[in-house]
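# An overview of the molecular structure
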Amino acid sequence: MCDEAEDEVDAVSPLLQKGLAVKAAESLTVIKEDLSEWLSNLLKININAENFMTVLDTGVVLCRLVGAIQEHTESLKKEGKLEQPKLEQPVPMTAIKYKESAEHGSFFARDNAANFIKWCRTYKIGEAILFESDDLVMHKDEKLVVLTLLEVARRIAKLGMQSTQLAMMEIAIDNDEDIKAPATPPPPPKVPDAKTPPAKKRKLPPNLVDSVIKVIKECQCNPQIFIEHHGKGKFRLERQGKEFIVFARFLRDKIMVRVGGGWDTLDHFLLKHDPCRVKVLRSDQKEF
């Protein structure tokens, strides 16, 4: 990064922090959308990124989630399909007691949350990402709630259970292969008759590699961030001798990157690691 950009980081640090907060919120929203879609399909509930915490804060949905996981695990056992070596930890099978009629903010909501947390601890989910009762019930730490559910989603994906898109993408990355489309061949195209107007061409999805490189090349440093594509969405980034290996995937209309064990939007990741983008913030500070 050029010296001028380095000098400007401290001068606009409040603006940078504000920009980071906005991008972090956007990243959290994308992940909440993924979690919401998973919970909605699995438990048949009405949940989205906007009502995420309100739907979950009585603890009832989370306790129902545990029941669904245990039911799936039990069916695998009966069918002889439970492959323990693939699991980091066996699923705790002790049934959770919870109050279905718990009201928001009530003692019963806290008790439900505490029972879910106890199950997670038995499942050996790390304390660093495990929320506390008030984080859920009083909406004190939405991010920890999200991180806990992401970890649960990762683990049940290895059971072959319906999970989040992010969890399935992680499995594909770990297996060094992309998620494949269903093997069923598409039906043959219909031959239009003379009276049928020509169909509009469908817009093809953007190319992942080109999209990532385009965003990276917005760097104004001299020299720029170095980027190298290693195939299947894997990229090596380097700036001033510091190297990052990231895996990129599309999630809806956002480019998500997996760095280490976590996910982030590409925009938020670069804002943290490419300070010359502070110039962009400063030129458009009203946005934040």
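Higher on the page you've got the structure.
Our subject in this report is the structure included herewith. This one's a predicted model, so the numbers in the text were calculated from it and none came from an experiment.

### Some words on the sheet that holds strand β4 (residues 254-259)
- Ordered by their spatial adjacency, 5 strands build an open sheet running β1-β2-β3-β4-β5, and the pairing between neighbours is antiparallel. Of all strands in the sheet, those bounded by a partner on one side alone are β1 (226-229) and β5 (262-265). The sheet shows a mean angle of 35° between the axes of neighbouring strands, direction not considered.
- Here β1 runs beside strand β2 (residues 234-239); their pairing, made up of 4 bridges, is antiparallel. By the bridge assignment, Phe226 is partnered in β2 with Glu238.
- Where helix α9 (residues 208-216) meets the sheet, it contacts β1, β2, β3 (242-251) and β4, and its direction lies at approximately 130° from that of β3.
- In the packing of helix α10 (residues 266-273) onto the sheet, the strands contacted are β2, β3, β4 and β5, and the crossing angle to β5 comes to about 90°.

### Brief notes about the packing of helix α4 (residues 60-79) against helix α5 (residues 107-122)
- Close contact between α4 and α5 brings their axes to 8 Å; oriented N to C, the two are set at 35°. The chirality of how α4 crosses α5 is left-handed. On α5, the residues that touch Val60, Leu62, Cys63, Val66, Ile69 and Gln70 of α4 are Asn112, Phe116 and Trp119.
- Among the residues making up the contact of α4 with α5, the classes are represented as 7 nonpolar, 2 polar and no charged.

### Description of unusual backbone geometry
- If you check the backbone angles, Lys232 has positive phi at about 55° while not being a glycine.
- Its location among the elements puts Lys232 in the loop between β1 and β2.
- For Lys232, a relative accessible area of 43% translates into the label partly exposed.
- Positive phi is not limited to glycine here, since Arg252 has a value of about 60°.
- Along the chain, Arg252 falls in the loop between β3 and β4.

Calculation rules
Residues numbered from 1 in each chain as written. Predicted model: local features only at pLDDT ≥ 70, side-chain atom pairs only at ≥ 80, totals over all residues. Heavy atoms only, no water. Pairing = 2+ DSSP bridges. Helix = DSSP H or I, 4+ residues; strand = E, 2+ residues; numbered from the N terminus. Axes fitted to C-alpha atoms, helices over the stretch in contact; angles between N-to-C directions. Contact = heavy atoms within 4.5 Å. Left-handed = near helix turned anticlockwise from the far one by under 90°. Nonpolar A, V, L, I, M, F, W, Y, C, P; charged D, E, K, R; others polar. Buried < 20%, exposed > 50% of the residue type's maximum accessible area, 1.4 Å probe, protein only.

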